[in-house]
Amino acid sequence: MMLDCIFPFIKQDVMNRRDVVLLCYIRKARRVFSYHERPEEIGIDRIKIAIEQEHRDDGAMFISVYINGSNMPEILDVEAFFAIKQQNGLVPLFTCGCGDFDCGGYYVNVSCTDTALVLHNSYHRFNRTLQSQFEYHLDWQEVRGVAEEILVYLQEIHKRNPQAYVTTGHGGENLLNRVPDYLESSILVIP
Ligand SMILES: [Zn+2]
């Protein structure tokens, strides 16, 4: 249909120019089709995090997630994030700042491809009904980068304050005790 749109503007006697224009449109169309067939290979969605700590070197930690510059509601559940490769399906990936998933968390439909971590829609914490629609394809290199950023942050707290008790939001177990397991996490292994 794009071709129909442009043909009236092309003089029929200028064959070369018409052929060039036609080729451009075929190339563009191919790109569009390949995007829809294999979106996981595009890897265009960008993830970034911001880490905040209630008290320096101790206590509640809040990790905000930004995808393509937009802030995902609530905070990242660190434990769920490091286990993400083992849990396809609905993952309680974001939790309330108080640390209680039942208070304001939500599920994200997660799947893993060879090239990307796919986040598809959010679902209500109680009845798992659709909450908001999105589809993000995150490059594994970037996801691993986020995991490493969190690990380095936790390790540095531990270095400065070995007695620290650091939690996702205001609740839960001490994340510093989980670091040895996180270091073994398959999220750090790029396929
Ligand atoms: Zn809360």
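None of the values given here were measured: they were computed from a predicted structure.

Quick notes on the environment of D77
Item 1. Along the chain, the position of D77 falls in the loop between β4 (75-76) and α3 (78-82).
Item 2. Sequence spacing of D77 and P92 is 15 residues, and the spatial spacing of their C-alpha atoms is 7.4 Å.
Item 3. Residues within four places of D77 in sequence aside, it is in contact with P92, L93, F94, T95 and T168.

Looking at unusual backbone geometry
Glycine aside, residues mostly have negative phi, and peptide bonds are mostly found in the trans state.
Item 1. With a phi angle near 70°, D57 is a residue other than glycine that sits in the positive phi range.
Item 2. Checked against the element boundaries, D57 lands in the loop between β1 (47-55) and β2 (58-67).
Item 3. When the 14 C-beta atoms within 10 Å are taken as the criterion, D57 is described as partly exposed.
Item 4. One non-glycine residue, N121, lies in positive phi territory at about 70°.

Brief notes about the pairing of strand β7 (residues 116-124)
Item 1. Alignment of strand β6 (residues 106-112) against β7, held across 7 bridges, turns out to be antiparallel. Within β7, the residue paired with V108 across the bridge is S122.
Item 2. Looking at chain direction, β7 and strand β8 (residues 130-139) are connected through 7 bridges and run antiparallel. Looking across to β8, one finds that A116 is bridged to D139.
Item 3. Between β7 and β8, which pair antiparallel and follow one another directly, the connecting turn spans 5 residues, one of which, R128, has a positive phi of 60°.

Notes on helix α5 (residues 140-160)
Item 1. With 21 residues, α5 ought to run about 30 Å at 1.5 Å a step, and its terminal C-alpha atoms sit 30 Å apart, in line with that.
Item 2. Those residues of α5 that sit buried are W140, V143, A147, I150, L154 and I157. The buried residues of α5 occupy an angular sector of 125° when projected down its axis, which confines them to one face. Across α5 from its buried face, at more than 90 degrees, point the exposed residues Q141, E148, V152, E156, K159 and R160.

Some thoughts on the sheet that holds β6
Item 1. Strand order in the open sheet formed by 5 strands is β4-β5-β6-β7-β8, and the pairing between neighbours is antiparallel. Two strands in the sheet have a free side with no partner beyond their single neighbour: β4 and β8.
Item 2. Set on the sheet, α5 makes contact with β7 and β8; between it and β8 the angle comes to about 100°.

Topic: the confidence of the model for the protein
Item 1. Across the protein, the average pLDDT comes to 83, with 77% of residues at or above 70.
Item 2. The model gives residues 1-40 a pLDDT under 50, and that stretch makes 12 contacts with residues more than four places away or in other chains.

A short note on the pairing of β1
Put simply, side chains in a regular strand alternate between the two faces of the sheet.
Item 1. Pairing between β1 and β2: 8 bridges, direction antiparallel. If you follow A50 over to β2, its bridge partner there is S64.
Item 2. Counting the residues in the hairpin turn of β1 and β2 gives 2 residues, including D57, whose phi is positive at 70°.

A word on the packing of α5 against helix α6 (residues 175-183)
Item 1. Two elements in contact, α5 and α6, have axes whose closest approach is 10 Å; the angle formed by their N-to-C orientations is 135°. It follows from the interaxial angle that α5 and α6 lie oblique. Judged by the twist between their axes, the crossing of α5 over α6 is left-handed. Seen from α5, the contacting residues are L151, L154, Q155, I157 and H158; seen from α6, they are L175, L176, V179, Y182 and L183.
Item 2. Partitioning the contact of α5 with α6 into residue classes produces 8 nonpolar, 2 polar and no charged.

Rules behind the numbers
Residues numbered from 1 in each chain as written. Predicted model: local features only at pLDDT ≥ 70, side-chain atom pairs only at ≥ 80, totals over all residues. Helix = DSSP H or I, 4+ residues; strand = E, 2+ residues; numbered from the N terminus. Contact = placed C-beta atoms within 7 Å. Buried ≥ 20, exposed ≤ 12 C-beta atoms within 10 Å, placed from the backbone. Pairing = 2+ DSSP bridges. Expected span 1.5 Å × (residues − 1). Arc of directions from axis to C-beta. Axes fitted to C-alpha atoms, helices over the stretch in contact; angles between N-to-C directions. pLDDT = per-residue confidence, 0-100. Parallel < 35°, antiparallel > 145°, perpendicular 65-115°, else oblique. Left-handed = near helix turned anticlockwise from the far one by under 90°. Nonpolar A, V, L, I, M, F, W, Y, C, P; charged D, E, K, R; others polar.

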